[in-house]
Structures are given as C-alpha cells and as structure tokens.
Amino acid sequence: MAVILITGGARSGKSKRAEFRTRAFPGQPVYVATAEALDAEMQARIATHRARRGTDWIEREVPLDLVPALVATDGGGARLVDCLTLWLSNLMHAERNWEREVAALAAALPGLKSPVVLVTNEVGLGIVPDNALARRYRDAAGLMNQMIAAAADEVEFVVAGLPMKLK
Amino acid sequence: MAVILITGGARSGKSKRAEFRTRAFPGQPVYVATAEALDAEMQARIATHRARRGTDWIEREVPLDLVPALVATDGGGARLVDCLTLWLSNLMHAERNWEREVAALAAALPGLKSPVVLVTNEVGLGIVPDNALARRYRDAAGLMNQMIAAAADEVEFVVAGLPMKLK
Amino acid sequence: MAVILITGGARSGKSKRAEFRTRAFPGQPVYVATAEALDAEMQARIATHRARRGTDWIEREVPLDLVPALVATDGGGARLVDCLTLWLSNLMHAERNWEREVAALAAALPGLKSPVVLVTNEVGLGIVPDNALARRYRDAAGLMNQMIAAAADEVEFVVAGLPMKLK
C-alpha cells in the first residue's frame, strides 16, 4: 500500500522520522536492518538505534536479499528498512548486480500489501571524492535514490530533524 | 527571457530535470556542454547524457567562453547549459578570473531573448576538504551559485529526482 | 524571545541571510563570533564578513563559553552567533563535553529575552569520510543541529542564497 522514502544526510534525524512514520501504521512494526555488526563503531550505532526504537519490533537482519524479506514479512505491520545506502554498499561488496537489484526492489514495492518505510542517505552534495570507488558508490547511491523515489508514494528530505515533503 | 537554475547533488536527476524544462519551450533546443571528453569516465558520462537526451538538439562544446556562446545562439530555441560547476573548474584550471567571468554571466543572462536553463552542483554540504585547492573550489562554487541564483527567474533544488522550488 | 536557526552548506549565503534576519529586530545588533583568527585563511574570511556586515555591530569573540555570552548580552539588540559548527569544533579541540554544552545551549535559548539568530553548517551530505575523527565530528554536528533546531522557533535551510523554511 504505502511506500515512503525518507532521505537526508548523516545524523539528520532520518531514522527517528522513519520510526515515527512506521509506528503510525497499525500492527506490530518490523525493523529490517541492512547493517551487519562487523565492528565496534557499527555495533554502537545499532545499539543506539535499538535503545531509542524500543523492544516491541519484530527484527530482521537483511544485508542483501531485501525483496524476499519484504515479501516474507508482507501482510502484517509496516516495515522499516534502515537503510538503503548500506544495502547498496553490501551489494557492491558482494559483487552483486546492484542496478538489477535496485530495479527489482522498485518494481516490487508497489505490489506489497503492508506499508514500507525506507531510509536512505544523500551522499552527493560534497566535493567530488578523490578515489574512483567512492565516486562509483556516490553515483550508484544517487541513481538508486532516484529509482526508489520514483516508485514511492511519499518522499521526505530530513534536515536537522525536520522533514521537507518532496513528493 | 526565462532564466532557470537547476541545482542539486551528484546524480540527483538535475540534468534530466533541466532537459524537461528546456524542452517545454518552443523551438529546437540547444545543448551547451561545458565538459570536454578528456578521459574514459567523462566520455561514458557524456554518452549517457546524449543517449537520454535524443538527437534533436543543436550541440555546442563550450568549456570556457559561455557568454559569447549564449549570445551567438540567442534568438532560437532554449539553451541548456550543463553544467556551471564544470565551467568553473575549467576557468580555474585555465587561470582565468572566475569571479569576473561569473559576474559577466550573471549580468548577461537577463538581457538574452531565448530562455536559458543552467545546471549546477551543490558541493558544500560535506565535511571541509583537507586540501586548500578543494576548499577554494568549494567556496567559488558556492559564491557562483549565489550569484547566478540572484540573476535567475526560477531556481530549483533537485533531490532524488524531485524538484523543490527555491525561487 | 525569537530563536532562529539558519543552516546550509559552505558559501551558501547563510551568514548574509542571518545578518538580514538579525537586523530586522530593533536595537543595536550583537555579533558573536566563534571563530578565532588563527591563520591567514580564517583572517581573510573574518575580514570579508566584517566588511559586508558594517561597523554598527557590537562584537564579541566567543570560541567556547557561548551560554554565558548570550546571558551577558541579553536585554539589548538581537545576537547573531556565527557559527555553531565552529563552536562545536572548538569544544572538541578543547576536550570539553560537547553533548553537555549543546544540551545546555538548547535549554538556555528559550529563556533569553533578546532574539538569537544562530548559523550552522550541514556537513553530512557527502561521502562518509575516511578518518574516524571527521566521522565523529560529522555525527556530532548532525546531532547538534537536531538539538538546536528542536529548541528554535524558526529554522531555515539556505541553498544558493535562497532560504527554505523548515520550521
């Protein structure tokens, strides 16, 4: 039904806003984490998010296979996917075809019964990065955001914790 | 007549939006490319833009002398200048006085008869760059965007393919 | 009374906008500079700001103790704090507890009698920085902006010299 994309910079309040939008739907919310707790910095960030979110969420760790996870959890409460940019990074590290995967997600979203709130990052508003890999990732993230925004019913851009409605 | 500035991050959908705005004016559109196909990465990007845009455009390669090119093509269809940040980079590499050139462009725009749609990049929303040259470029791009925005009739900020009206 | 936060990228026209908002209040405006003129690049930037602003401002250099300075200057004209991201950087270099200091500022703002206009930077919309210190600063700046935006009566996001109302 409803597909909502929440975008913004690092520590802009995107996740908090996405949690608020997810909780507004009826049913038990489902947290779809694309992060893997591989190092201490990431573990600390995951713990902070979990502490704020509360314990009444169904939790799924989905580093790569997002569409199957959304299909498997469909029919219940709203899903919060946090976040697409990390998912993209995981796909690229695993040498998966990210353009095909993103296109498949964009195609699958409108057919889902339960709402989906997706968090992503804007990473293309700084100086062009020196290394080619970072430029490739930055380009991919920009294209992904355009593709998912086109498939979404609503898009919000969060700055300093405050949402601007883009769509 | 109409001067429209389209700004946004890398791969935010700025060029696509600018093509759409340019095509909405009557007459054969003119594509003013500030890029030079100096390496494979840039050649690939130019080819992608050209494939999307279609072949019904008049094309001009203008790395430096933008005002004369806009005067020379005035009186016909709308011009799309893609993009100002690359033009600025070309001016700085050629050791031209970029502040004077940008001021001359801002002064010339309101006097043109045919519409002009200009694409630029926001590059100042990341961490302060380590090297002084990148900081200098970042400052110049920000000042240029302010100067051209002040001279424009309309300014749009594109995020994830979606335009926000700034002016 | 009025607390106004002006955010945006480097050279986006934030300071100019903040000066305009500050001057709109009655009384002699107070310029609270968090910058210290430690090198030539910073000295040049300070001189540019001062030349544009004019000489009719009361000036205070406050690298660290912002809340006492706002209390000491309360009751007169509006204060312009330029800028919070530099203040944050000063706090971190001095190994002060920035989260406590930012929380104290957010708590103090609503109780002040004279208006306060605060300038800050968005630094989280580029690629994730390579070094951990830059990531830590970026995260801190994002959290600070959320905290001060929550305490503010008005928040504006400036792009290419043009303000967007966030709150």
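Residues numbered from 1 in each chain as written. Chains lettered and ligands numbered in written order. Predicted model: local features only at pLDDT ≥ 70, side-chain atom pairs only at ≥ 80, totals over all residues. Heavy atoms only, no water.

In the nomenclature of an unreviewed UniProt entry, chain A corresponds to Bifunctional adenosylcobalamin biosynthesis protein from the organism Bradyrhizobium nitroreducens. Check the Sequence similarities (unreviewed entry) section of the UniProt entry for chain A; it says "Belongs to the CobU/CobP family." In UniProt, chain A has this text filed under Function (unreviewed entry): "Catalyzes ATP-dependent phosphorylation of adenosylcobinamide and addition of GMP to adenosylcobinamide phosphate." (UniProt positions renumbered as here; feature names shortened; annotations may be inferred.)

> Please set out the overall build of chain A residue by residue, giving values where relevant.
Check the secondary structure of chain A and you find 6 helices and 7 strands. The order of α-helices and β-strands along chain A, N terminus first, is β-α-β-α-β-α-β-α-α-β-α-β-β. Here the C-alpha radius of gyration of chain A, 15 Å, is about what a compact globule of 167 residues would show, namely 15 Å. On the principal axes, the C-alpha backbone points of chain A span a range of 45 × 35 × 30 Å. Counting across all 167 residues of chain A, residues that qualify as buried make up 56%. For chain A, the exposed surface amounts to about 7200 Å²; the carbon and sulfur share of it is 56%. Looking at charge distribution, chain A has the averaged site of its 20 positive side-chain charges lying 4 Å from that of its 19 negative ones. (Helix = DSSP H or I, 4+ residues; strand = E, 2+ residues; numbered from the N terminus. Rg over C-alpha atoms; globule rule 2.2 N^0.38 Å. Buried < 20%, exposed > 50% of the residue type's maximum accessible area, 1.4 Å probe, protein only. Areas by Shrake-Rupley, 256 points an atom, 1.4 Å probe, with all protein chains shown as cover. Lys, Arg positive; Asp, Glu negative; His and termini not counted. Charge placed at Lys NZ, Arg CZ, Asp CG, Glu CD.)

> Give a detailed account of the interface of chain B and chain C, specifying residues and quantitative values.
Residue-level contacts link 19 residues of chain B with 23 residues of chain C. With both sides pooled, the region where chain B packs onto chain C buries about 1700 Å², and carbon together with sulfur makes up 66% of that total. For chain B, the biggest contributors to the area lost against chain C are Leu125(B), Ile127(B) and Leu166(B); these three give 38% of the whole. Counting every contact that joins chain B to chain C gives 1 salt bridge. The interface formed by chain B and chain C includes 5 residue pairs in polar contact (both at pLDDT 80 or more). Listed by contribution, the elements that provide at least two residues to the side of chain B that touches chain C are α6 (132-151) and β6 (154-159) of chain B. No other element matches the 8 residues that α6(B) contributes to the side of chain B that touches chain C. Tallied by class, residues from the side of chain B that touches chain C come to 8 nonpolar, 6 polar and 5 charged. (Contact = heavy atoms within 4.5 Å. Buried area = accessible area lost by both parts, 1.4 Å probe. Salt bridge = Lys/Arg side-chain N within 4 Å of Asp/Glu carboxyl O. Polar contact = N/O pair within 3.5 Å; in protein donor to acceptor, adjacent residues only side chain to side chain. Nonpolar A, V, L, I, M, F, W, Y, C, P; charged D, E, K, R; others polar.)

> Break down the pattern of salt bridges for me, citing the residues and quoting the values.
Counting across every chain of the model gives 36 salt bridges over all chains. Put simply, Arg96(B) and Asp65(B) hold a salt bridge, and the shortest N to O gap is 2.6 Å. Taken together, the residues Arg96(B) in the loop between α4 (84-93) and α5 (98-108) and Asp65(B) in the loop between β3 (58-61) and α3 (66-72) connect sequence positions 31 residues apart. For Arg96(B), a relative accessible area of 28% translates into the label partly exposed. A relative accessible area of 42% places Asp65(B) in the partly exposed class. The partner of Glu59(C) in a salt bridge is Arg50(C), with the nearest N and O atoms 2.9 Å apart. Looking at Glu59(C), the relative accessible area reads 33%, which means it is partly exposed. Residue classification places Arg50(C) among the partly exposed positions, given a relative accessible area of 38%. Here the salt bridges do not stand alone but share partners, grouping Arg17(A), Arg21(A), Glu154(A), Glu156(A) and Lys165(A) into one network.

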